[in-house]
Amino acid sequence: MADQAGPIPVAQPVLAAEEAEAAARAVLSGWVTQGPEVQAFEDEFAALVGAPHASAVSSCTTALHLALMAVGVGPGDEVATVSHTFIATANAVRHAGAEPVFVDIESGTYNIDPQRLEAAIGPRCRAILCVHQMGMPCDLDRVLAVAAAHDLPVIEDSACAVGSEIACNGAWEPIGRPRGAVACFSFHPRKVITTGDGGMLTTADPELDQRFRLWRHHGMSVPDIARHQSRKVIFESYPVLGYNYRMTDIQAAVGREQLRRLPEIVARRRVLAERYLALLADVDGLGLPEQPPFARSNWQSFCVLLPEGLDQHATMQAMLDRGVATRRGIMCCHREAPYRDVRRAGPLGRSEEAQDRGVILPLYAQMTEDQQDRVISALKEALAA
Ligand SMILES: *Cc1c(COP(=O)(O)O)cnc(C)c1O
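Every value quoted in this text rests on a predicted model; they were computed, and no experiment measured them. What you see as residue numbers is a count from 1 along each chain, following the sequence as written. The predicted origin of the model limits local features to residues at a pLDDT of at least 70 and limits the giving and counting of side-chain atom pairs to 80 or more, whereas totals for whole chains, interfaces and linings rest on all residues. For the side-chain quantities, the full set of heavy atoms in the structure was used; hydrogens and water were omitted.

*Asks:* What's the story with the site of the ligand in this structure? I'm lost.
*Replies:* To be near a molecule or strand, a residue needs just one of its heavy atoms within 4 Å of it. Surveying the vicinity of the ligand reveals 15 residues, the closest of which are Cys60, Thr61, Asp157, Ser186 and Lys191. A distance of 2.5 Å is found between an oxygen atom of the ligand and a side-chain nitrogen or oxygen belonging to Thr61. Out of a free accessible area of 390 Å², the ligand has 91% covered by protein chains. Here a helix means four or more residues in a row that DSSP labels H or I, a strand means two or more in a row labelled E, and each is numbered from the N terminus. For the shell around the ligand, the elements supplying multiple residues, two or more each, are helix H4 (60-70) and helix H5 (88-95). In the analysis that follows, any N or O atom pair within 3.5 Å is treated as a polar contact, provided that within protein one partner can donate a hydrogen and the other can accept it, and provided that, for residues neighboring in sequence, both atoms belong to side chains. Each accessible area is a Shrake-Rupley result for a 1.4 Å probe, and residues are judged covered by the shown protein chains and nothing else.

Here it is as structure tokens:
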């Protein structure tokens, strides 16, 4: 498909007849927003990651907003996080009325540098928001240790990390099995599985889960489905200020099919990532992504660091001219207008370098080895040009 229709894309969701039929099933049921499909999707997601509670919402951004509020973040507070992330991470902190404080990353993993985290924690810090960037688990043990020393809750921005695993006391656990207070996932099409748009919160704390369920549905005391199924007349109440952050049943029905595909999608992505690592190992000066011993990535994105002095834009254009689409490295929030003046816990040089020298290569489950070979050739030719 990519061969005739245009360049090899950076990403491509795996969507087929099963998802279309699931969406049709929800439509034809007559129940189209938060109802039985959402409940089933939550149960299946919770079982998959091994979380006691999972609640579905409209996106990861809204999930992060609720998670931050639930752990007590509000106006006047600070939240320690990274600048090198999609802007939604920082936006969610602002939505909660708080200010982010930016910490630099480690090169190779593109994740928060735990050594620099301490410097971000001042008297107003109320939470740590760490990111498993591009699906690579961050050093959660060290982040949790810093958090424990300061008695701070940890929220995991796991937007990209469904299907990723992290070692916990020597055993592999899926991201989303509660380690911090809350983990937040995205089902945007650019992630590994998709519901069009959508998000999920997992937690071990039943009180937090109850708050998410109240907030996402206008603060309404009784879910629609409970009123619908009741043989008795129920009057609802609105004990708190709420939001409309619901996922629809159409999205959830699609999501359930995507969950079934997840193991296969992640396995294929891992094969392709290993292949990139092997076939690019001999390219002079090229920085390859690093997977620490405690991490197993789902390889949501595969980002290489161009050799020093190379023109990022020209290299990407040369690859596009050879029929291969790429994206530059993950953005830095502190370079965007809303975040230029926020507090930084030290220099953000590695974050800036990752944006300026990073190139995200095509990686998706349907990619053939032939297509991958063409990406590698295009990259090598662009580097030589
Ligand atoms: C995609 C992404 C988000 C936002 O997810 P949405 O579901 O689009 O709101 C947040 N954080 C990170 C790190 C992301 O990659």
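*Asks:* What am I meant to see in the sheet that holds strand E6 (residues 165-168) here?
*Replies:* Two strands in a sheet stick together by hydrogen bonds in their backbones, pointing the same way (parallel) or opposite ways (antiparallel). Only strands that DSSP links by at least two bridges are regarded as paired with each other. Taken in spatial order, the 3 strands of this open sheet run E7-E6-E10, and their pairing is antiparallel. The two strands at the open ends of the sheet, each matched to only one other strand, are strand E7 (171-174) and strand E10 (295-296). Sheet topology note: the E6/E7 ladder contains 4 bridges and is antiparallel. Considered in E7, the bridge of Cys168 is made with Ala171.

*Asks:* Help me understand the nonpolar core, please; the structure alone is not making it clear to me.
*Replies:* Considering soluble globular proteins, one finds that nonpolar side chains tend to be buried as a cluster. Take the buried residues of types Ala, Val, Leu, Ile, Met, Phe, Trp, Tyr and Cys, join any two whose side-chain atoms come within 4.5 Å, and each joined set is a nonpolar core. The buried label applies to any residue whose accessible area, calculated with a 1.4 Å probe on protein chains only, is under 20% of its type's maximum; exposed applies above 50%, and partly exposed to all values in between. Judged by nonpolar contacts, the single largest core of 57 residues is most densely connected at Phe45, Leu117, Ile128, Ile193 and Met200. Residues count as neighbours in contact if any of their non-hydrogen atoms are within 4.5 Å of one another. Residue contacts for Phe45: discarding those within four places in its chain leaves Ala54, Val162, Phe185, Phe187, Met200, Thr202 and Leu259.

*Asks:* I would appreciate a short explanation of the packing of aromatic side chains in the present structure.
*Replies:* How two aromatic rings sit relative to each other is given by the distance of their centres and the angle of their planes. Two rings belonging to Phe, Tyr or Trp (six-membered ring only in the last case) form a pair when the distance between their centres is within 6.5 Å. Interplanar angles under 30 degrees mark stacking, angles over 60 mark edge-to-face geometry, and anything in between is tilted. Under the defined criterion, the tally for this structure stands at 8 aromatic pairs. Relative to Phe187, the ring of Phe41 lies with its centre 5.3 Å away and its plane at 50°, an arrangement referred to as tilted. Note that Phe41 is positioned in helix H3 (residues 36-49) and Phe187 in the loop between strand E8 (182-186) and strand E9 (199-203), a separation of 146 residues in sequence. With centroids separated by 6.3 Å and ring planes inclined at 70°, the aromatic side chains of Phe102 and Tyr339 adopt a geometry described as edge-to-face. With Phe102 in strand E3 (residues 99-103) and Tyr339 in the loop between strand E12 (327-328) and helix H12 (349-357), the pair connects residues that are 237 residues apart, well separated along the chain. Accessibility expressed as a relative area gives 0% for Phe102, which makes it buried. Relative accessible area serves as the criterion here: at 1%, Tyr339 is assigned to the buried category.

*Asks:* Looking at this structure, I do not really get the side chain of Thr85. What am I missing?
*Replies:* The residue Thr85 is located in the loop between strand E2 (78-82) and H5 in this model. Here Gln133 takes part through its side chain, which lies 3.5 Å from a polar atom of the side chain of Thr85.

*Asks:* Sorry if this is basic, but what is going on with H5 here?
*Replies:* Those residues of H5 lying buried are Ala88, Thr89, Ala90, Ala92 and Val93. The elements touched by buried residues of H5 are H4, E2, E3, strand E4 (125-131) and strand E5 (154-157). Gly97 sits one or two positions beyond H5 and adopts a positive phi of about 90°.

*Asks:* What should I look at first to understand the environment of His218 in this one?
*Replies:* Its place among the elements puts His218 in the loop between helix H8 (206-216) and helix H9 (224-229). Assessed through its relative accessible area of 36%, His218 is described here as partly exposed. Here the alpha-carbon distance between His218 and Val240, two residues 22 residues apart in the chain, equals 8.3 Å. Excluding anything up to four places from it in sequence, His218 contacts Tyr238, Val240, Gly242, Tyr243, Asn244 and Arg246. A polar contact of 3.3 Å, which involves the side chain of His218, links it to the side chain of Arg246.

*Asks:* Please explain a nonpolar patch on the surface as it appears in this structure.
*Replies:* Like-charged residues are merged into a patch within 9 Å and nonpolar side chains (Val, Leu, Ile, Met, Phe, Trp, Tyr) within 5 Å, provided each residue has over 30% relative accessible area and no salt bridge. Within this document, salt bridges are pairs made up of a side-chain nitrogen of Lys or Arg and a carboxyl oxygen of Asp or Glu, the two lying within 4 Å of each other. Nonpolar side chains collect at one region of the surface, where Val27, Leu28 and Val32 lie side by side and expose about 290 Å² of accessible area between them. Relative to the elements of secondary structure, Val32 occurs in the loop between helix H2 (17-29) and H3.

*Asks:* For this particular structure, what's the right way to read the state of the cysteines?
*Replies:* Put plainly, a disulfide is one covalent bond tying together the sulfur atoms of two cysteines. Any cysteine sulfur atom paired with another within 2.5 Å is treated as part of a disulfide. Under the criterion given, the structure shown has 0 disulfides. Here Cys130 stays free of any disulfide, with the sulfur of Cys138 as its closest cysteine sulfur at 3.8 Å. Cysteine Cys332 shares no disulfide, and the gap to the nearest cysteine sulfur, in Cys333, comes to 7.7 Å. Overall, Cys332 belongs to the buried group, its relative accessible area being 0%.

*Asks:* Any chance you could explain the packing of H2 against helix H10 (residues 249-279) here in plain terms?
*Replies:* Helices that pack against each other are described as a pair by the angle of their axes relative to one another and the distance between those axes. Lines are fitted to the C-alpha atoms to define the axes, a helix being fitted only along its stretch in contact, and any angle between axes, read from their N-to-C directions, falls within 0 to 180 degrees. Where H2 contacts H10, the two axes come as close as 8 Å, and the packing angle between them is 150°. Classified by the angle between their axes, H2 and H10 sit roughly antiparallel to one another. As H2 runs across H10, the sense of the crossing is right-handed. Within the contact between the two elements, H2 uses Glu18, Glu19, Ala22, Ala23, Arg25, Ala26 and Val27 and H10 uses Asp249, Ile250, Ala253, Val254, Arg256, Glu257, Gln258 and Arg261. Here roughly perpendicular refers to angles of 65 to 115 degrees, roughly parallel to angles under 35, roughly antiparallel to angles over 145, and oblique to all remaining angles. Left-handed describes a crossing in which the near helix is turned anticlockwise from the far one by less than a right angle; the clockwise case is right-handed.

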